[in-house]
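One letter stands for each residue in the lines below.
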Amino acid sequence: SFETKILDVIKKSIEQLNEVLTKEKKLVIKKTTPLIDEKSKLESIDIVNLFVNLEKNLKEKDNLVLTFDEILENSDKLKTIGSLETFIKKKKDEKK
C-alpha cells in the first residue's frame, strides 16, 4: 500500500543519514523518534541532509516533489518520524 511506501522512503532516507552520523546520533526508525525538535539529537546540518535525501527519494519513488521551502514552512509539523509521515501523506493526497 501507499502508506508502507512512504514509510519505506522515510526509512531509506534516515538510513542514508545514519551512515554519516556518529554512533550516538544515529536515529532509531520508529514513529516517535524526534527529528525537528528540542529533543532531537540532530544538528541543523543533519536535518538538512535528511531532507535532501528525502526529497531525492520521494522524487525517484513517487514522483512527489517536496521542496525545501515547504519543509521549512512546516517544520512545526515535522517534529517526529510519525508526523513527517503524516505530512507527506497529506501532501500526496492533495496532489491527486
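Because the structure is predicted, anything quoted here is derived from the model rather than measured.

1. Notes on the environment of Thr-86
Then step 1. Along the chain, the position of Thr-86 falls in helix 4 (residues 81-95).
Then step 2. The class of Thr-86 is partly exposed, set by a relative accessible area of 39%.

2. Quick look at helix 4
Then step 1. Over its 15 residues, helix 4 runs 21 Å from end to end, which matches the ideal 21 Å to within 8%, given 1.5 Å per residue.
Then step 2. Buried within helix 4 we find Ile-81, Gly-82, Leu-84, Glu-85, Phe-87, Ile-88, Lys-91 and Lys-92.

3. Quick look at the environment of Leu-21
Then step 1. Among the secondary structure elements, Leu-21 is positioned in the loop between helix 1 (2-20) and helix 2 (44-62).
Then step 2. In this structure, Leu-21 is in contact with Lys-26, Leu-42 and Asp-46, ignoring residues within four places of it in sequence.

4. What to know about the environment of Val-65
Then step 1. Position of Val-65 relative to the elements: it lies in the loop between helix 2 and helix 3 (68-73).
Then step 2. Residue Val-65 is classed as partly exposed on the basis of its relative accessible area of 40%.
Then step 3. Distance in space between the C-alpha atoms of Val-65 and Ser-44 is 21 Å, their sequence separation being 21 residues.
Then step 4. Look past the residues within four positions of Val-65 in its chain and what remains in contact with it is Lys-59, Glu-70 and Lys-91.

5. Here we look at the side chain of Ser-13
Then step 1. When you line up the elements, Ser-13 lands in helix 1.
Then step 2. Residue Ser-13 is classed as buried on the basis of its relative accessible area, which comes to 0%.

6. Some points on the nonpolar core
Soluble globular proteins tend to pack their nonpolar side chains together in the buried interior.
Then step 1. Core analysis: the largest hydrophobic core is formed by 23 residues, its most contacted members being Ile-10, Leu-35, Phe-51, Leu-54, Leu-84 and Ile-88.
Then step 2. When contributions to this core are tallied by element, the ones reaching two or more residues are helix 1, helix 2 and helix 4.
Then step 3. Those residues in contact with Leu-35, other than ones at most four positions away along the chain, are Leu-27, Ser-40, Leu-42, Ile-47, Leu-50, Leu-78, Lys-79, Thr-80, Ile-81 and Leu-84.

7. Observations regarding the confidence of the model for the protein
Then step 1. Overall, the prediction assigns the protein a mean pLDDT of 91, with 96% of residues at 70 or greater.
Then step 2. Summarising per-element confidence for the protein, the mean pLDDT is lowest in helix 3 (89) and highest in helix 2 (93).

8. Thoughts on the pattern of salt bridges
Then step 1. All told, the structure shown has 9 salt bridges when counted by the stated rule.
Then step 2. A salt bridge links Asp-46 to Lys-25; the shortest N-O distance between them is 2.9 Å. Here Lys-25 lies in the loop between helix 1 and helix 2 and Asp-46 lies in helix 2, a separation of 21 residues in the sequence. For the pair formed by Asp-46 and Lys-25, the shared burial category is buried.
Then step 3. A salt bridge links Glu-70 to Lys-91, with the nearest nitrogen and oxygen atoms 3.0 Å apart. Within this pair, whereas Glu-70 is found in helix 3, its partner Lys-91 is found in helix 4, the two being separated by 21 residues in sequence. Neither Glu-70 nor Lys-91 differs from the other in exposure class; each is buried.

What counts, and where the lines are drawn
- Residues numbered from 1 in each chain as written.
- Predicted model: local features only at pLDDT ≥ 70, side-chain atom pairs only at ≥ 80, totals over all residues.
- Heavy atoms only, no water.
- Helix = DSSP H or I, 4+ residues; strand = E, 2+ residues; numbered from the N terminus.
- Buried < 20%, exposed > 50% of the residue type's maximum accessible area, 1.4 Å probe, protein only.
- Expected span 1.5 Å × (residues − 1).
- Contact = heavy atoms within 4.5 Å.
- Core = buried A, V, L, I, M, F, W, Y, C linked by side-chain atoms within 4.5 Å.
- pLDDT = per-residue confidence, 0-100.
- Salt bridge = Lys/Arg side-chain N within 4 Å of Asp/Glu carboxyl O.

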